[in-house]
Amino acid sequence: MGALLMIASLVSAQTRTFTRDDLEFAFEFPSPAWRAVSRLDVHEHVDFVHGEGVAASYLHVRKKLVTVGTGAAELFSQDEKWELQKLPGYVVCCEGKGEDFAGTLQAKVFSYEFTSAGRPTSGRLYYLKVDNRTFYVLHFRVGTDKLSDLRDDMNLIARSFHLKK
């Protein structure tokens, strides 16, 4: 029992909260290896990176406004049709059915694989339901060889994701 408490306190000591005044959400980074990076297209966005170079893993967060009654499976189907199926070597996992995910918000997670720069890559999309009109999508991309090492990180980020009050 003492060893379990020590492990829990070590994990707790490594996490740090990510928040910014211009964002309506916050979550926990599970380790110092995760960092925020700015990305500019029409607006400034923030994405998240774990690692360096071609071996880096990525998290992109986006807010989706939907019609009442739209569910996570329908959102995944749309993302698959308009974005994911275009990826080289795209293969959906678990027949695209998704898994229920317990966190601060009701969620479903979907997984897929593809090839990026000749490397097998895995994607995980967490659809976090805020209300009947709003979802946040946490879209992770990680080298398939690192997936088992980073799955707990992805789950912790998704579990801790919440709207600021």
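> So what about the side chain of Ser 122? Which residues, and what values?
Tracing the backbone shows Ser 122 in strand S9 (residues 119–131). Overall, the relative accessible area of 3% leaves Ser 122 in the buried class. In terms of polar contacts, Ser 122 uses its side chain to reach the side chain of Thr 144, at 3.0 Å. In this structure Ser 122 touches Tyr 112, Glu 113, Phe 140, Arg 141, Val 142, Thr 144 and Leu 147, once residues within four positions along its chain are discounted.

> Give me the lowdown on helix H3 (residues 147–160), citing residues and values where you can.
The first and last C-alpha atoms of H3 sit 19 Å apart over 14 residues, in line with the 20 Å expected at 1.5 Å per residue. Among all positions in H3, only Leu 147, Leu 150, Asp 153, Met 154, Asn 155, Ile 157, Ala 158 and Ser 160 are buried.

> Tell me about the nonpolar core, and name the residues and values.
Of all hydrophobic cores here, the largest spans 26 residues; its most connected members are Phe 27, Phe 48, Leu 59, Tyr 126, Leu 138 and Phe 161. Of all elements in the fold, only strand S2 (25–29), strand S4 (44–50), strand S5 (57–65), strand S8 (106–116), S9, strand S10 (134–143) and H3 reach the threshold of two or more residues within this core. Here this core takes five residues from H3, the largest share from any one element. In this structure, Tyr 126 is in contact with Phe 101, Lys 108, Val 109, Tyr 136, Val 137, Leu 138, Phe 140, Met 154, Asn 155 and Ala 158, ignoring residues within four places of it in sequence.

> Explain helix H2 (residues 72–82) to me, and be specific about the residues and the numbers.
Regarding H2, the residues found buried are Ala 72, Leu 75, Phe 76, Asp 79 and Glu 80. When H2 is viewed along its axis, its buried side chains cluster within an angular range of 135° and face the same direction. In H2, the exposed positions that point more than 90 degrees away from the buried face belong to Lys 81 and Trp 82. The inward-facing, buried residues of H2 contact S5, strand S6 (91–92), S8, S9 and S10.

> Describe in detail the packing of aromatic side chains, supporting the description with residues and values.
Taken as a whole and judged by the stated rule, the model has 18 aromatic pairs. The interplanar angle of 65° and the centroid separation of 5.7 Å between the aromatic rings of Phe 29 and Phe 48 together place this pair among those described as edge-to-face. Of the two residues, Phe 29 sits in strand S2 while Phe 48 sits in strand S4, which places them 19 residues apart along the sequence. The same class applies to Phe 29 as to Phe 48, namely buried. Ring geometry for Tyr 112 versus Phe 114: centroids 5.7 Å apart, planes at 25°, classification stacked. By relative accessible area, Tyr 112 is classed as buried at 1%. The buried category is assigned to Phe 114, whose relative accessible area is 6%. Members of the aromatic cluster, connected to one another through ring pairs, are Phe 18, Phe 25, Phe 27, Phe 29, Phe 48, Tyr 136 and Phe 161.

Rules and cut-offs
Residues numbered from 1 in each chain as written. Predicted model: local features only at pLDDT ≥ 70, side-chain atom pairs only at ≥ 80, totals over all residues. Heavy atoms only, no water. Helix = DSSP H or I, 4+ residues; strand = E, 2+ residues; numbered from the N terminus. Buried < 20%, exposed > 50% of the residue type's maximum accessible area, 1.4 Å probe, protein only. Polar contact = N/O pair within 3.5 Å; in protein donor to acceptor, adjacent residues only side chain to side chain. Contact = heavy atoms within 4.5 Å. Expected span 1.5 Å × (residues − 1). Core = buried A, V, L, I, M, F, W, Y, C linked by side-chain atoms within 4.5 Å. Arc of directions from axis to C-beta. Phe/Tyr/Trp six-rings, centres within 6.5 Å; stacked < 30°, edge-to-face > 60°.

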